[in-house]
Amino acid sequence: YCNFALKNYYIGHSDYQQLLDVASRMLLTDSVSTLFLSAKNISLMNLGRYEEAIAVSRRILEIDSAHVDTYFNLGASLCHQAESVVMPENINSAGYSRAVSFRRSFYAAARTPLETYRRLRPADAVRWAPLLYKVYFLLFSKYLLKIFNVFSLSPFPSYLSTPKI
């Protein structure tokens, strides 16, 4: 209970570096504690150290695949990692294409853990919906644009036109 209260204290005060230090020290005594790993995970995410947070999330899920919040943390870290990919200014460059591909790979990897979190906690849509729908949009937008382009090229049927007054 003391460790859980300490974790909540540091999170409540946004002192993620201190929480990371405490969690790292505690992991020296119990390297498979999902509580300590979770504290480390949250700290790393909030410190912007997404690669490390992703690795810790995966470690937690290896130990306990029923640790539901970790699915969200993993998906969120992958999304943040995607957003941190530096995009070249010239959209016609090969570097830009590589960066887009790299970014999409992170979003694609985020899809499964976010969908798992949604399946396990459907009522928590306030948390999962923005990220998951962003992932869907970014992964499938080119298909959606093709669909909408088809509609924009064809004339509207007469029954959809505005009535004359």
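Here we summarise the structure given alongside this text. Bear in mind the structure is a predicted one, so any value in this text is a computation, not a measurement.

Moving on, we get to the nonpolar core. Ranked by internal contacts, the top residues of the largest apolar core, which has 33 residues, are C79, L114 and V135. Elements that contribute at least two residues to this core include exactly α2 (16–29), α3 (34–46), α4 (50–63), α5 (68–83), α6 (94–120) and α7 (125–153). Among the elements that make up this core, the one with the highest residue count is α5 (eight residues).

Taken as a whole, this structure holds six salt bridges when the rule is applied. One salt bridge in this structure joins E62 and R59, with 3.6 Å as the shortest N-O distance. Remark: R59 and E62 occur in helix α4; sequence separation between them is three residues, near one turn of the helix. Taking relative accessible area as the criterion, E62 reaches 61% and is therefore assigned exposed. Here D69 and R121 are joined by a salt bridge, their closest N and O atoms 2.7 Å apart. You can see D69 sitting in helix α5 and its partner R121 sitting in the loop between α6 and α7, a full 52 residues away along the chain. One salt-bridge network, in which partners are shared between bridges, spans D69, R121 and R127.

Structurally, Y16 can be placed in helix α2. With a relative accessible area of 15%, Y16 lands in the buried category. Sequence separation of Y16 and N46 is 30 residues, and the distance between their C-alpha atoms is 6.7 Å.

Our next topic: the environment of I60. As for its position among the elements, I60 is in helix α4. A relative accessible area of 0% places I60 in the buried class. Placed 19 residues apart in sequence, I60 and N41 show a C-alpha to C-alpha distance of 9.0 Å. Among residues more than four places away in sequence, those in contact with I60 are T34, L37, S38, N41, H67 and T70.

This paragraph deals with the packing of aromatic side chains. Under the definition given, this model contains five aromatic pairs. Note on F102 and F106: the rings are 4.9 Å apart at their centroids and 70° apart in plane angle, and the pair reads as edge-to-face. Placement of the pair is F102 and F106 together in helix α6, with a separation of four residues, close to one helical turn. An aromatic cluster is defined as three or more aromatic residues linked by ring pairs; in this entry it consists of W128, Y133, Y136 and F140. For R118, the ring lying beneath its charged end belongs to W128, and the centroid distance is 5.9 Å.

What counts and what doesn't
Residues numbered from 1 in each chain as written. Predicted model: local features only at pLDDT ≥ 70, side-chain atom pairs only at ≥ 80, totals over all residues. Heavy atoms only, no water. Core = buried A, V, L, I, M, F, W, Y, C linked by side-chain atoms within 4.5 Å. Buried < 20%, exposed > 50% of the residue type's maximum accessible area, 1.4 Å probe, protein only. Helix = DSSP H or I, 4+ residues; strand = E, 2+ residues; numbered from the N terminus. Salt bridge = Lys/Arg side-chain N within 4 Å of Asp/Glu carboxyl O. Contact = heavy atoms within 4.5 Å. Phe/Tyr/Trp six-rings, centres within 6.5 Å; stacked < 30°, edge-to-face > 60°. Lys NZ or Arg CZ within 6 Å of the ring centre and 35° of its normal.

The quantities given are spatial measurements derived from coordinates; they are silent on function.
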